[in-house]
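# An overview of the molecular structure
Residue-level listing of the chains:
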Amino acid sequence: MNEHYPVPTGPRRHVPLVTRLVIFALGSFAFGFALVPLYSVLCKVWDTGNRWYGTQARHVVERPAVDRLVTIEFLSSVPNAGRWDFRADAPTMQVHPGKLYSTTFYARNRSGAAVVAQAVPSIAPSSVARYFQKTECFCFSPQPFAADEGRHMTVRFIVDPDLPADVDRVTLSYSFFDSPRVAAAN
Amino acid sequence: MAHVHTHDADHHDEKPAGIGRWLFATNHKDIGTMYLVFALIMFFIGGAMAMVIRAELWSPGLQYVDPAFFNSMTTTHALVMIFGAVMPAFVGLANWMIPLQIGAPDMALPRMNNYSFWIMPFAFTLLLSSFFTASGGPAGGWTMYPPLSLQAGNSFPTMIFAIHLMGASSIMGAINVIVTIMNMRAPGLTLLRLPLFCWTWLITAYLLIAVMPVLAGAVTMLLTDHYFGTSFFNPAGGGDPVMYQHIFWFFGHPEVYILILPAFGIVSEIIPTFSRKPLFGYDAMVYATASIAFLSFLVWAHHMFTTGMPLASELFFMLSTMLIAIPTGVKVFNWCATMWKGSLSFEPPMLFSLSFLFLFTIGGFSGLMLAIAPADFQYQDTYFVVAHFHYVLVSGAVFAIMAAVYYWLPKWTGHMYNMGLAKLHFWLSAIFVNVLFFPQHFLGLAGMPRRIPDYNVQFTDWNRVSSLGGFVFGLSQLLFVVLILQCVRGGAKATAKVWSDAEPVGLEWSVASPAPYHSFETPPLITDANTHHEHV
Ligand SMILES: [Cu+2]
């Protein structure tokens, strides 16, 4: 009859399987964290157009396409409402691809104390983010503000002339975070 | 620890006395009972929250509760029903029935079984305790998307730790189920002779071990983002809130199969019995279940069609989601084919199984509609989604659990229950679950958003119908409690086979009713002659 018995016998017969299952569970837990770098890698490999990567350029060559106009929209948002004034000085601009432009954003610290802030850019549609290059931006570094200080901050950018022909509108948006701890870490 | 067989028949039914029997329970039947009672209590707590939601939605404008409290109702209703009612009910059924169905004396790891149950009351006390603090209960949605979920007060850490505890409990329960089924089957009970309830639970248990830790990881990242300055999901530090949605739904989609696969197992037991025919396509059922589980890892981003994914991803997740309709269709086909030319009778478990079959399929179809990426841009976050997942979870999972209770209750208590009352409970439930949820399809298609305490007046009529259905459905569940209490206390004596004229197949029907406290201390020998099904 025992040859019908499909399973291990003996007092510690469950130990090997339980060990394997516990390792499986721990592996799943680690996998959850591994998904974070994995997504970034996959986004780069598949070139799905990350909103942030590849938009910061040191050297650009101007070769203006004077017969083409693209609308650039500027958006601003503040996660902690009431503590900041933050807006684009010009809501939109008409630009020629291949030509360098600059514009400014205005921020004022209304939190009542000195704060280090950090602007985080995002470009939509994300698939054309790589054609939008910034040569200078207040988002490249943390911005210290005294209490009640307000100032205009510059961003210089160029739209690559290779921007796909069907795109006539690109949106650049900034979120303005006053997370001193995060800004300090940067 | 070695098993000592005394073979002393006098001691077979001796139960530990007093409260210690429950606190230190290691008997699978006691633990199964505790899980089922806990699930029933949580079903009513979550149901009461649903009643608050439906009362507030009786009219446009704000009536009874303020919006923050309303949001905490929708959030905790979901957490309580998913993690407190449906999952523990399935674990309770697994505890009671898996050892009986495989001819084992108990679950493989009885002590861990005790821990995994007793964690649950602590987890839910923790979750619900924040209602009694100034900041109120968790209100950012059960999906806990940052940054909204991080903006809660005391409810944030209690919710995270409650999720950790529930996860630990589920993982321990899952390990126990796998070890029991893999190591403790009676001689001759090969894997392809297993009852389908065991099969679907085995696959569910693997899903649990694969994805509950991922949820634990996701909420741990929320916790460190909030308290320890990490930036997994915080754009200020280079993180991305949409990343959370990817990780959450990598857990979340397999989770919906965790909530439905055991239900598939239950109806696969009941429909053959009351059709008086073996299950059609047993092997196909096993492979379909395994395919659904495998595919569930490849579809998560169908919850995120509107997050601005590239076209290729939208197409991939749309098509992979639709692919799941194939193995699911195989199952629905096989249940129908089992009934084909069968000698049907309509006892309460069969009634609930049949309405499961109809209504779950409706939920499956609305799921296919939601899978169409371009159409989903209209459906996203509307009541259409609410209607969809309540069809699969209430008239799907919950009806299957009720079918299981009506099927095995006489085995547990030794008494037949009041058939008239059970049928009344069935008809009230089956009719009013549709009155409750079907109009929500119309509301969603017309554009009513979910998780909103107030709405445009044009939505009033269907909201009234839905609320009315909700109140009657909710009240009629009290009949279920009355019936169970009556059945525990007395009633006509149940035979070992319980459904004698239907000749149910399975080892659980070879022990007396009520099932003795200790069963199968000597394993039975399984041959093709006493196996469930034919191979197709
Ligand atoms: Cu899904």
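To keep things clear, this report deals only with the structure shown in the data block.

Reading guide: rules and limits
Residues numbered from 1 in each chain as written. Chains lettered and ligands numbered in written order. Predicted model: local features only at pLDDT ≥ 70, side-chain atom pairs only at ≥ 80, totals over all residues. Heavy atoms only, no water. Helix = DSSP H or I, 4+ residues; strand = E, 2+ residues; numbered from the N terminus. Core = buried A, V, L, I, M, F, W, Y, C linked by side-chain atoms within 4.5 Å. Buried < 20%, exposed > 50% of the residue type's maximum accessible area, 1.4 Å probe, protein only. Contact = heavy atoms within 4.5 Å. Patch = residues over 30% accessible without salt bridge, like charges linked within 9 Å, V, L, I, M, F, W, Y side chains within 5 Å. Areas by Shrake-Rupley, 256 points an atom, 1.4 Å probe, with all protein chains shown as cover. Salt bridge = Lys/Arg side-chain N within 4 Å of Asp/Glu carboxyl O. Phe/Tyr/Trp six-rings, centres within 6.5 Å; stacked < 30°, edge-to-face > 60°. Lys NZ or Arg CZ within 6 Å of the ring centre and 35° of its normal.

## Concerning unusual backbone geometry
Omega for the peptide link from A124 of chain A to P125 of chain A comes to -5°, which places this bond in the cis form. Relative to the helices and strands, P125 of chain A resides in the loop between strand 5 (115-124) and strand 6 (132-137). Here the amide bond leading from P146 of chain B into P147 of chain B is cis, since omega sits at 0°, within 30 degrees of zero. Looking at the element boundaries, P147 of chain B is found in the loop between helix 4 (110-129) and helix 5 (155-183). Positive phi, normally seen in glycine, also occurs at R451 of chain B, with a value near 60°. Of note, R451 of chain B is situated in the loop between helix 15 (419-445) and helix 16 (460-489).

## Concerning the nonpolar core
Core analysis: the largest hydrophobic core is formed by 187 residues, its most contacted members being F83, F124, W201, I247 and W335 of chain B. Each residue touching I247 of chain B, except ones within four places of it in the same chain, is listed here: G32, L35, V36 and Y39 of chain A together with V214, A218, M221 and F233 of chain B. One finds Y101, F138, M153 and Y174 of chain A within the second-largest nonpolar core, a separate group that totals 33 residues.

## Quick word on a nonpolar patch on the surface
Residue and element names in this part refer to chain B. Together, I362, F438, F442, W462 and V465 make up an exposed nonpolar region whose accessible area comes to about 390 Å². Among the elements of the structure, helix 15 and helix 16 are those that each provide at least two residues to the nonpolar patch. Among the residues examined, I362 registers a relative accessible area of 31% and is labelled partly exposed.

## Considering the pattern of salt bridges
Under the definition given, this model contains 8 salt bridges over all chains. Note that E149 of chain A and R151 of chain A form a salt bridge whose closest N and O atoms lie 2.7 Å from each other. Linking D501 of chain B and R276 of chain B is a salt bridge whose minimum nitrogen-to-oxygen distance equals 3.4 Å. Placement of the pair is D501 of chain B in the segment after helix 16 and R276 of chain B in the loop between helix 8 (261-275) and helix 9 (282-295), with a sequence separation of 225 residues. One continuous salt-bridge network, built from bridges that share partners, spans D85, R108, R110 and D148 of chain A.

## What about the packing of aromatic side chains?
Each aromatic ring pair is summarised here by two numbers: the centre-to-centre distance and the angle between the ring planes. Applying the stated criterion across every chain, the model contains 59 aromatic pairs over all chains. Judged by centre distance (6.3 Å) and plane angle (80°), the ring pair of F264 of chain B and F356 of chain B falls under edge-to-face. Of this pair, F264 of chain B sits in helix 8 while F356 of chain B sits in helix 12 (residues 348-371); the two residues are 92 residues apart in sequence, bridging distant segments of the chain. By the burial criterion, F264 of chain B is buried, and F356 of chain B matches it. Their ring planes at 65° and their centres at 6.2 Å tell us that F280 of chain B and F333 of chain B sit as a pair that is edge-to-face. Taken as a pair, F280 of chain B in the loop between helix 8 and helix 9 and F333 of chain B in helix 11 (residues 325-339) lie far apart in primary sequence, 53 residues in all. For F280 of chain B, a relative accessible area of 34% puts it in the partly exposed group. The ring centre of Y101 of chain A lies 5.2 Å from the NZ or CZ of K99 of chain A, which sits over that ring. Between the NZ or CZ atom of R151 of chain A and the centre of the ring of F145 of chain A, over which it lies, the distance is 4.1 Å.

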